[in-house]
Amino acid sequence: MRELKLIGIVKEYNDFLLNVNFEVFGEELVSILGPSGSGKTTVLNIIAGFIFPDEGSMTKDGDDITHMPAEKRNIGVVFQDYALFPFLNVYNNIAFGLKVRKFTSFEIEKKIQEISEKLEITGILKKFQDNISGGEKQRVAIARALVTDPDILLLDEPLSNLDAKIREKLVKEIRNLHKIFRKTIIYVTHDQEEAMFLSDRIVVLNNGLIEQIGTPFEIYELPKTLFVRDFIGKGSYVTIDGIKRFVRPEDIVIKKNGPYEGTIEDFVFLGGFIELSIQSQIGKLNISERSKEAKKYKIGSKIRFAIKEEKWQ
Amino acid sequence: MLQPFEPDVGNPTEGRKDVQSKKNTEKTNFLILIPLIFIVIFLYYPVFNLAKNAFFDKNGFTLDYFRKVFTEPYNFRIFTFTVKEAFISALFTLIIGFPGAYIVSHYNFPGKKLIMSFSTIPFVLPSVLVSLGFIILFGRSGVINNFFSQIFQKEVDLHLIYSFSGIILVHSFYNFPVVVRIIGSSWEGISEDYIKAAKSLGASNLRVFFTVTLPMIVPSIVSSFSLVFIFCFLSFAIILILGGVQFATIEVAIYMYYNTFSDFRTGSALAIIQVLILLFFVFLYIKAENFFNKGFLKRGFINYRKWGKLSITFSSLYLIVIVALIFAPISVVVVNAFLDPYSKNLTVNNISALFLGKFSYVTSISTAKIVVNSLFFAIATVLLSVTLALIGSYFIKKRPKSKVYLLSIFMGALVISPLTIALSYALTFQRLINSEINGLFIILSHTIVAFPFVLRAILPVVESTSDTFVLAARSLGMKRLEAFLHVDLNLLKLPLISSSIFAFAISMGEFGATVMLYQVKNTTIPIALYRFLSGRHFGIAAAFGALLLVISLIAFFAIDFVNSKTRAI
């Protein structure tokens, strides 16, 4: 099943307190999402066994692993900077964990052959890490962690050092890998789009505490706290009938006979979309519109719009 | 390379202190104290004892010995000479090195790498050997004087070395690579953008130099100046051999007080004063270096200038002089090893005399034994200093908050001269030094001398090595101790090798502490060389020098090889 439970985990630093409680089910991909300083890396370090919690306990498939040293946990980690050993080539990097586990060189070769075919890195096995691209490094790091067949795989912001185009490609690859290998994966990130795209469930972390746990849909559409609402996606606050409300850009529709009127203060071109900044009687808000319609709008002109009211929170 | 410590809670290596279980931490804590204990027992305790000897005699507390230091006119001369000699040497070295720093930071040329490598040669050469080279080259009947004597058909002595200017000359030879390297790398590192910005604001080239470039390289100038000053201030063998009676540094005076006058209390007082003066200059050096390390933008890619007629003439002239200056003293030693000292005819007598022990009445032991001694002490020094520095580096890395204090304690050896260390040993461990284990104290003194240099080479690499490599190894199932062997040592391989060779070279050439401590059976190559020089056996001295040179050059090429590998990775 490969389940993980964190029960009342507490870790205190001088000016920071982490207090979390959650579980990850077998073969699930769970993201730990939060801004920097929210404690997500501390959670990862506790799960991996690099640091021990002050209080609470942790179980893997029902066995207590709270104080088990990292090397005995069988939890694979892909680090943010990949931590590929610079003194070993790709092949020996992947072989590292297998050698520790005392596999014969024949078995090692077979396993590396197999995993490098799946990850399409057979061509770079003899190279050293300075001579391969960022995307390749990531795949090697994943191969190194996966080849030992860990119960759980931890990914620590694995895309944060890459440029936008490659990120988009690799995020899809990670999703595919999850489908192929059926591993329990915990994915740490500060990027909500990555988390949305990949996760079965998301744990939103802020200031050492969990704000909400839920599917991407729940997190986006039914945020439980102000923090989650602000942190995930875009949106504006408006005041209607004296009550402050939160609206997402896609919930606002431009309509000739809409109930509200506003002035276009600015608009920016974002590729497929334009974003209009509107000053209206209910407050400042942003509206998304398809680029094709761009010609209709001018800064300073007035438009009327409506809000899909069932979305109001 | 140095990464600032970030207390950010999102840091991937945060809370490393908690990485190990409590039981483990205690175990490592004990291990990690070893360098501290070592330094306290073999540096601070003896020096404390030395201070006690300077302040207390059989009648209790007294300042008589300090008074004696300051009232004897001879001592006043020593102080002024040491400061003057060090200051002028440093200034002259700066003047010689500055154009070199400019050339290497602004131009690229074939053979540049080679010349840069060669410039480290003086640094690995033992001072006794360099002195020998300069005597053969510039001495009374040396190559230069003979040349002029032949031209003018009469006895000519230009007084090039047994004089103040001679000392300055040798010191500059020794230290100009320091200036070229420190200022050169700082100059090279200044982002072109600053200069472009200044020019776009309308500044002329000269104005750019004085208002933009110069302020940015000033820390490196101060830092290299104080470093050279410290080295020359502590100069011992060169002064002892080339200075004669009229010139003596504080270091030489300490030796004289102990060895000639048997007045160890005044010698101790002098050593204490020397430490205080040095403290000031080391402080200056560290301040300047820290400022320099904080750094301005480091240029990733360097656009070297194009050669002009003037720059190419000037640079080639400079480089030719420099290369000649590096190789002349070395090559004359080798050549003279094969020349009869009087008739100047080719001969193998020197070499055969060396190995047949024809002159062993001078050293009292065989050449083979001397070589074995030197090698043994050097290897022991390497093992000891590198192990201590490695553990010390982890100690400092684990305690970034107390880094300043730990580093000052460890670097203390920088302000305590080899002679002071030896004198303090002689006062503290007298009975042991006069016993069978005399050699151990030679090794200990060499280790104390080498330790700060080895630590400086290893520490930044240990500090900048990401902890995630070890975490990765552990997540792949490896125990911490195994990870140290398989991961840490592999990551640190090159700095470990290069600092080992450096420690080896220091021990091979060490003279000051050894000459104070050694028993005849523990004679080293530099000591033997000194004996031959004092006996004016120049032929055999040259043969011995050539032998020492071969060993030193092997060390040099090894360092160079490792450095080239380091840059590749």
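Parameters at a glance
Residues numbered from 1 in each chain as written. Chains lettered and ligands numbered in written order. Predicted model: local features only at pLDDT ≥ 70, side-chain atom pairs only at ≥ 80, totals over all residues. Heavy atoms only, no water. Helix = DSSP H or I, 4+ residues; strand = E, 2+ residues; numbered from the N terminus. Buried < 20%, exposed > 50% of the residue type's maximum accessible area, 1.4 Å probe, protein only. Contact = heavy atoms within 4.5 Å. Areas by Shrake-Rupley, 256 points an atom, 1.4 Å probe, with all protein chains shown as cover. Phe/Tyr/Trp six-rings, centres within 6.5 Å; stacked < 30°, edge-to-face > 60°. Patch = residues over 30% accessible without salt bridge, like charges linked within 9 Å, V, L, I, M, F, W, Y side chains within 5 Å. Salt bridge = Lys/Arg side-chain N within 4 Å of Asp/Glu carboxyl O. Pairing = 2+ DSSP bridges. Axes fitted to C-alpha atoms, helices over the stretch in contact; angles between N-to-C directions. 1 Å grid on protein atoms, 1.4 Å probe; cavity = no way out; pocket = protein on both sides within 12 Å on 5 of 7 lines; lining within 4 Å. Points joined across faces, edges and corners; volume = space filled by probe spheres on them. Parallel < 35°, antiparallel > 145°, perpendicular 65-115°, else oblique. Left-handed = near helix turned anticlockwise from the far one by under 90°. Nonpolar A, V, L, I, M, F, W, Y, C, P; charged D, E, K, R; others polar. Core = buried A, V, L, I, M, F, W, Y, C linked by side-chain atoms within 4.5 Å. Buried area = accessible area lost by both parts, 1.4 Å probe. Polar contact = N/O pair within 3.5 Å; in protein donor to acceptor, adjacent residues only side chain to side chain.

Q: Break down the overall build of chain B for me, with residues and values.
A: Looking only at helices and strands, chain B has 28 helices and two strands in total. By the burial criterion, 55% of the 569 residues in chain B qualify as buried. Considering only contacts in chain B between residues 6 or more positions apart, those separated by 24 or more positions represent 80%. As displayed, chain B offers around 26,500 Å² of accessible surface, 69% of which is attributable to carbon and sulfur atoms.

Q: Could you give an account of the packing of aromatic side chains, naming the residues involved and the relevant values?
A: On inspection of all chains with the given rule, the structure shows 39 aromatic pairs over all chains. Aromatic side chains Phe85(A) and Phe96(A) sit 4.6 Å apart centroid to centroid with 40° between the ring planes, which places their arrangement in the tilted category. Taken as a pair, Phe85(A) in the loop between strand E6 (75–78) and helix H2 (90–100) and Phe96(A) in helix H2 lie far apart in primary sequence, eleven residues in all. Note on Phe532(B) and Phe544(B): the rings are 5.7 Å apart at their centroids and 40° apart in plane angle, and the pair reads as tilted. Within this pair, whereas Phe532(B) is found in helix H27 (residues 525–534), its partner Phe544(B) is found in helix H28 (residues 538–568), the two being separated by twelve residues in sequence.

Q: Go over a nonpolar patch on the surface with me, naming the residues and quoting the values.
A: Residue and element names in this part refer to chain B. On the surface, Leu33, Ile37, Val40 and Ile41 cluster together into a nonpolar patch covering about 300 Å² of accessible area. Positionally, Ile41 belongs in helix H2 (residues 34–55). The class of Ile41 is partly exposed, set by a relative accessible area of 38%.

Q: So, the sheet that holds strand E14 (residues 260–270) of chain A: which residues are in play, and what are the values?
A: Residue and element names in this part refer to chain A. If you trace the five strands from one edge of the open sheet to the other, you get E13-E17-E14-E15-E16, paired in antiparallel fashion. With partners counted over all chains shown, the strands left at the sheet margins are strand E13 (252–254) and strand E16 (283–290), one partner each. Here the strands of the sheet are splayed against their neighbours by 45° on average, with no regard to which way each runs. Pairing of strand E15 (residues 273–280) with E16 involves eight bridges; the strand directions are antiparallel. Across the sheet, Ser280 pairs through a bridge with Gly283, a residue of E16.

Q: Could you give an account of empty space enclosed by the protein, with specific residues and numbers?
A: All names here are of chain B. For the structure on display, the rule yields seven cavities of 30 Å³ or more. A volume near 90 Å³ is recorded for the largest cavity. What lines the largest cavity is simply Gly100, Ile103, Val104, Ile115, Met116, Ser119, Phe176, Val180, Tyr318, Leu319 and Ile322.

Q: Before we move on, can you summarise the packing of helix H4 (residues 73–106) of chain B against helix H15 (residues 309–337) of chain B with the specific residues and values?
A: Residue and element names in this part refer to chain B. Contact pair H4 / H15: the axes reach a minimum separation of 11 Å and the direction vectors enclose 125°. Compared by their axis directions, H4 and H15 come out oblique. Handedness of the crossing formed by H4 with H15: left-handed. For the pair H4 and H15, contact is made by Ile96, Gly97, Pro99, Gly100 and Ile103 and by Phe314, Ser315, Tyr318 and Ile322, respectively. The residue makeup of the contact of H4 with H15, split by class, is six nonpolar, three polar and no charged.

Q: Tell me about the nonpolar core, and name the residues and values.
A: Counting residues in each nonpolar core, the largest one holds 180 residues, and the members touching the most others are Tyr425(B), Ile448(B) and Phe511(B). Those residues in contact with Ile448(B), other than ones at most four positions away along the chain, are Phe38(B), Ile39(B), Phe42(B), Leu43(B), Ala413(B), Ile421(B) and Tyr425(B). Judged by nonpolar contacts, the second largest core, of 44 residues, contains Phe50(A), Ala70(A), Ile152(A) and Phe469(B).

Q: Please set out the environment of Lys72(A) residue by residue, giving values where relevant.
A: If you trace the backbone, Lys72(A) turns up in the loop between strand E5 (63–64) and E6. Judged by relative accessible area, Lys72(A) falls into the exposed class, the value being 56%.

Q: Account for the interface of chain B and chain A, with residues named and values stated.
A: Listed per partner, the contact involves 30 residues of chain B and 33 residues of chain A. Surface buried jointly by chain B and chain A totals about 2,600 Å² across both partners, of which 64% is contributed by carbon and sulfur atoms. The interface formed by chain B and chain A holds one salt bridge in total. With its nearest N and O atoms 3.0 Å apart, the salt bridge here joins Glu71(A) to Arg474(B). At the surface where chain B touches chain A, the tally comes to two residue pairs in polar contact (both at pLDDT 80 or more). Listed by contribution, the elements that provide at least two residues to the side of chain B that touches chain A are helix H23 (468–475) and helix H24 (480–491) of chain B.

Q: Tell me about the pattern of salt bridges, and name the residues and values.
A: All names here are of chain A. Following the criterion strictly, the structure yields 20 salt bridges over all chains and no others. For Asp151, the salt bridge goes to Arg2, with nearest N and O atoms at 3.5 Å. Placement of the pair is Asp151 in the loop between helix H4 (134–146) and strand E7 (152–156) and Arg2 in the segment before strand E1 (4–13), with a sequence separation of 149 residues. On the accessibility criterion, Asp151 (11% relative accessible area) is buried. Taking the shortest distance from any N to any O, the salt bridge between Glu173 and Arg139 comes out at 3.5 Å. Of this pair, Glu173 sits in helix H5 (residues 164–181) while Arg139 sits in helix H4; the two residues are 34 residues apart in sequence, bridging distant segments of the chain.

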